[in-house]
Amino acid sequence: MIINNVRIVTEHEVLFGALEVDKGAIRTAPGSRSQLPQALDGEGGWLLPGLIELHTDNLEKFFTPRPGVRWPAAAAMKYYDAAIAGSGITTVLDAVAIGDVRAGGDRMENVQQMIDVIRYSRENNLNRADHYLHLRCELPHETTLPLFQRLENTPELRLVSLMDHSPGQRQFVSPEKYRTYYQGKYHLSDEQMDAFTQQQIAFARRWSQPNRTAIAARCRQLGLTLSSHDDATGEHIAESRRLGGSIAEFPTTPAAAQAARRQGMEVMMGAPNVIRGGSHSGNVSAHSLAQTGLLTLLSSDYLPGSLLDACFQLAHDQSLSFSLPQALALASAIPARVLGMTDRGRIAAGLRADLLLVNEFAGQPYIQAVWSRGRRVF
């Protein structure tokens, strides 16, 4: 396959011409425009590396599209995978939460089914995108460590994040924000919310630190990439680094992001934060971290389509210094490097032909085609 007449976004520059693909790999470096009549005409669009998503928990939403509604696993995976590929994401770490902030929550019931269907669809070559596993470990829970131990040798596992959503911690330093979020989420009365809060505080005191230490130790032993979550202070970052963390997911303050970069950690922010111009939780904005050179990774978080849009928005923002190759690297080359996936994330000879053909209208990117390992999947 030859993709012709395109603006090819490599890791460091944009080249106009053609790209040749053979047997699922990029055959040669980007070259001059092809004269072969069988070449696919890209009509002057952008040819980009396939995006790599490190943190999205959208699979859960397909398993439980409404409260109390369970969807068949294979069908849920099929619809979810199509949404991922249609967003330009060719490699995704499906985030599955273990431990829960509320007894009886959907997450606990769905965990094994989600992991099983990820493996089933991979083994049977059913997916459009390349799917792996990200375990999100909710630390203040007695079930978290036993579940992690049961799942730690899952072949698809590539990333582990340590979370603590208990009152007074990290994302919820403010008691008012904690109350507003969880009372609205679980539809609790004032009395029920008071009891829930006290229960979560007790769980955190009992389980958070022992779970954090034990899970991090196993990640070091197994060579798994480890990330912290919602860091608020330099102390949080220092602890994560001591435990082997290499990513700070969604730091809530500039101080935490600065500390992460000083410690050599990557700083991940949500693409929706970029699109909306700020955090829906009132935390530090991705734009402000981009302005100060602290933003190094992007995740679509709760909206897969936001990842590509955020890259273009950063590149077009005249208050920032991001070129389009630099912006796209936040969702392609850098996450590939963090995960040790040396076969993808860039447009270069010998790498996987994970590619997007994108047209742009009024500053918005519109995906025309997606290839995964040279096979057209959208």
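For the protein, the name recorded in an unreviewed UniProt entry is Alpha-D-ribose 1-methylphosphonate 5-triphosphate diphosphatase, with Affinibrenneria salicis as its organism.

**Student:** How do you make sense of a nonpolar patch on the surface when you look at a structure like this?
**Tutor:** Taken together, the side chains of Val69, Trp71 and Tyr79 present a nonpolar region at the surface, about 270 Å² in accessible area. Tracing the backbone through its elements, the reader meets tyrosine 79 in helix α2 (residues 73–86). Judged by relative accessible area, which is 40%, tyrosine 79 ranks as partly exposed.

**Student:** Looking at this structure, I do not really get the state of the cysteines. What am I missing?
**Tutor:** Joining two cysteines, a disulfide is a covalent bond between their sulfur atoms. Tallying each qualifying case throughout the model produces zero disulfides. Unpaired in this structure, cysteine 137 has its nearest cysteine sulfur neighbour in cysteine 219, at a distance of 6.9 Å. Cysteine 137 sits in the buried class, given a relative accessible area of 0%. Here cysteine 219 falls in the buried class, since its relative accessible area comes to 2%.

**Student:** Help me understand the sheet that holds strand β9 (residues 157–163) in this model?
**Tutor:** By way of backbone hydrogen bonds, the strands of a sheet pair with one another, either parallel or antiparallel. Here eight strands make up an open sheet; going across it, the order is β6-β7-β8-β9-β10-β11-β12-β13 and the pairing parallel. The open sheet has two edge strands with one neighbour each: β6 (51–56) and β13 (297–299). This sheet shows a mean twist of 25 degrees between the axes of neighbouring strands, independent of strand direction. Pairing of strand β7 (residues 89–98) with strand β8 (residues 130–138) involves eight bridges; the strand directions are parallel. Directly across from valine 96, in β8, lies its bridge partner leucine 135.

**Student:** Is there a simple way to explain the pattern of salt bridges in this structure?
**Tutor:** When charged atoms on two side chains of opposite charge get close, those side chains can pair. Applying the stated criterion across every chain, the model contains 13 salt bridges. Put simply, glutamate 11 and arginine 346 hold a salt bridge, and the shortest N to O gap is 4.0 Å. A residue pair is termed long-range when its members are at least 10 positions apart, and glutamate 11 in the loop between β1 (2–9) and β2 (14–22) and arginine 346 in the loop between α13 (333–339) and β14 (355–361) qualify at 335 residues. Its relative accessible area of 31% is what places glutamate 11 among the partly exposed residues. Relative accessible area serves as the criterion here: at 31%, arginine 346 is assigned to the partly exposed category. Here arginine 27 ties to glutamate 20 by a salt bridge, and the two come within 3.0 Å at their closest N and O atoms. On the basis of relative accessibility, which here comes to 26%, the residue glutamate 20 falls in the partly exposed class. Several salt bridges share partner residues, and in doing so they unite Arg122, Asp130, Asp343, Arg344, Arg352 and Asp354 into one network.

**Student:** Looking at this structure, I do not really get the domain arrangement of the protein. What am I missing?
**Tutor:** It is common to report an interface's size as the accessible area lost on association of the parts. According to the domain assignment, the protein consists of domain 1 (1–50 + 344–377) and domain 2 (51–342). Relative placement of domain 1 and domain 2: their C-alpha centres are 30 Å apart. Facing 28 residues of domain 1, the contacting portion of domain 2 comprises 25 residues. Remark: the boundary between domain 1 and domain 2 carries two salt bridges. For aspartate 130, the salt bridge identified is with arginine 344, shortest N-O distance 2.8 Å.

**Student:** Just checking my understanding: could you explain the nonpolar core for this structure?
**Tutor:** Across soluble globular proteins, you tend to see nonpolar side chains buried next to one another. Residues Leu48, Leu54, Cys137, Val160, Leu298, Leu308 and Leu314 are the most contacted members of the largest nonpolar core, which totals 89 residues. Per-element tally for this core: the top contributor is helix α11 (residues 306–316), with six residues. There are two domains that each give this core at least three residues, and those are domain 1 (1–50 + 344–377) and domain 2 (51–342). If sequence neighbours within four positions are ignored, cysteine 137 has contacts with Ile98, Thr144, Phe148, Val160, Ser161, Leu162, Met163 and Ile215.

Calculation rules
- Residues numbered from 1 in each chain as written.
- Predicted model: local features only at pLDDT ≥ 70, side-chain atom pairs only at ≥ 80, totals over all residues.
- Heavy atoms only, no water.
- Patch = residues over 30% accessible without salt bridge, like charges linked within 9 Å, V, L, I, M, F, W, Y side chains within 5 Å.
- Areas by Shrake-Rupley, 256 points an atom, 1.4 Å probe, with all protein chains shown as cover.
- Salt bridge = Lys/Arg side-chain N within 4 Å of Asp/Glu carboxyl O.
- Helix = DSSP H or I, 4+ residues; strand = E, 2+ residues; numbered from the N terminus.
- Buried < 20%, exposed > 50% of the residue type's maximum accessible area, 1.4 Å probe, protein only.
- Disulfide = S-S within 2.5 Å.
- Pairing = 2+ DSSP bridges.
- Axes fitted to C-alpha atoms, helices over the stretch in contact; angles between N-to-C directions.
- Domains from an automatic or database assignment.
- Contact = heavy atoms within 4.5 Å.
- Core = buried A, V, L, I, M, F, W, Y, C linked by side-chain atoms within 4.5 Å.

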